[in-house]
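Reading the structure
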Amino acid sequence: LDAPLFSGLAGDIDVSFEFFPPKTDKMAETLWHSVGTLKPLKPRFASVTYGAGGSTRERTHDQVVRIQNEAGIPAAAHLTCVDATREEVDAVARHYWESGIRHIVALRGDPSDGSTTYTPHPGGYANAVELIGGLKQVGDFEISVAAYPEIHPDSADRDADLANLKAKFDAGATRAITQFFFDPQCFFEFRDRAAAAGIEDEIVPGIMPVMSFAAVERMSGLCGTAIPDWMEGLFEGLDDRPEARQLVSATIAAELCRRLYAGGARQFHFYTLNRAELSYAICHMLGMRPKDADHG
Ligand code: FAD
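What counts, and at which threshold
- Residues numbered from 1 in each chain as written.
- Predicted model: local features only at pLDDT ≥ 70, side-chain atom pairs only at ≥ 80, totals over all residues.
- Heavy atoms only, no water.
- Phe/Tyr/Trp six-rings, centres within 6.5 Å; stacked < 30°, edge-to-face > 60°.
- Buried < 20%, exposed > 50% of the residue type's maximum accessible area, 1.4 Å probe, protein only.
- Lys NZ or Arg CZ within 6 Å of the ring centre and 35° of its normal.
- Helix = DSSP H or I, 4+ residues; strand = E, 2+ residues; numbered from the N terminus.
- Contact = heavy atoms within 4.5 Å.

Digging into the packing of aromatic side chains
Summed over all chains, the structure comprises seven aromatic pairs. On the basis of an interplanar angle of 65° and a centroid distance of 5.7 Å, the ring pair of Phe-180 and Phe-182 is categorised as edge-to-face. Phe-180 sits in the buried class, given a relative accessible area of 2%. Members of the aromatic cluster, each reached through a chain of ring pairs, are Phe-17, Phe-268 and Phe-270. Just above the ring of Trp-32 sits the side chain of Arg-66; from NZ or CZ to the centre is 3.9 Å. Taking the ring centre of Tyr-261 as reference, the NZ or CZ of Arg-266 above it sits at 3.5 Å.

Some thoughts on the environment of Met-231
Locating Met-231 in the fold gives a position in helix H8 (residues 229-235). Sequence separation between Met-231 and Ile-252 is 21 residues; the distance between their C-alpha atoms is 8.9 Å. What Met-231 contacts, discounting residues up to four positions off in sequence, is Phe-182, Val-210, Phe-213 and Ile-252.

Topic: unusual backbone geometry
With a phi close to 55°, Asp-83 is a non-glycine residue in the positive phi region. Within the element layout of this structure, Asp-83 appears in the loop between strand E3 (75-80) and helix H3 (86-98). On the basis of relative accessibility, which here comes to 47%, the residue Asp-83 falls in the partly exposed class. Despite not being glycine, Asn-274 shows a phi value in the positive range, around 70°.

In structure tokens, the structure reads:
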């Protein structure tokens, strides 16, 4: 972990980028600019999130298909079980299959009414394990799932949480992508516990750049990610200084990735928040360079 600062980072990594479906033309423009910036890094895939209760069903579909067909990046569609019958979820999956999309990020999702207790739709899939089973009936999708180094808030304990992850792999998942975290040690411990529990599949750290400390604090509260003591101090006084904030944010994320790399991580999934520069800069620091012929 005390590897020399940024030496020995050979770019021998695989990356993926996550986007959310844009609500306005302006947001779509930002997204497409970001896709164009990140494309030369030849990501393994780019994924698009699915809004609460299926609220972005069409927009997610449109962006996923566009990313694959127009940008030429293998695309993955996030899909949840929330507020939908099995038939409705299957129909969404079938539409993806027919559109040439072969990769689904299969999730249970969170209650769309903001409540803290998840109640499955009476005719729906109860959780990600059931959803994976349904997806496999629709087509032989590549399936990514969520993993929680700091335990999912609904889990009774670490063992139950790992058992659920193992069940997702047993049901047919190819890889897990973690919830964001800020302590590399927490990822390593999780990876080791997963291995000890018999999970041999890929667990990819999910990297969240801190665009707004207040927003990350809010999200962390909901998903159980610990915010290190030092972080608030680092962002103190930067509310009106977006450029300084961006530099601080890049430094934190790059240092996290450097330590993960030193500890053996070779796959990274970036929660881009539809902004490319930060993810691009971190990939660059990890030694990645554009791979397209026309990008040198
Ligand atoms: P599951 O793995 O099904 O279960 C989560 C927890 O519920 C388990 O740990 C377990 O405690 C409990 N549980 C499940 N089944 C049972 C059972 N049979 N008995 C008892 N307990 C059970 N949300 C969105 O709405 N849209 C997105 O696009 C989206 N993308 C995401 C991408 C990633 C990489 C990650 C990490 C999360 C994403 N989320 C998204 C958030 C996710 O939907 C929530 O974290 C949700 O609360 C859990 O989803 P899951 O698939 O992990 O659930």
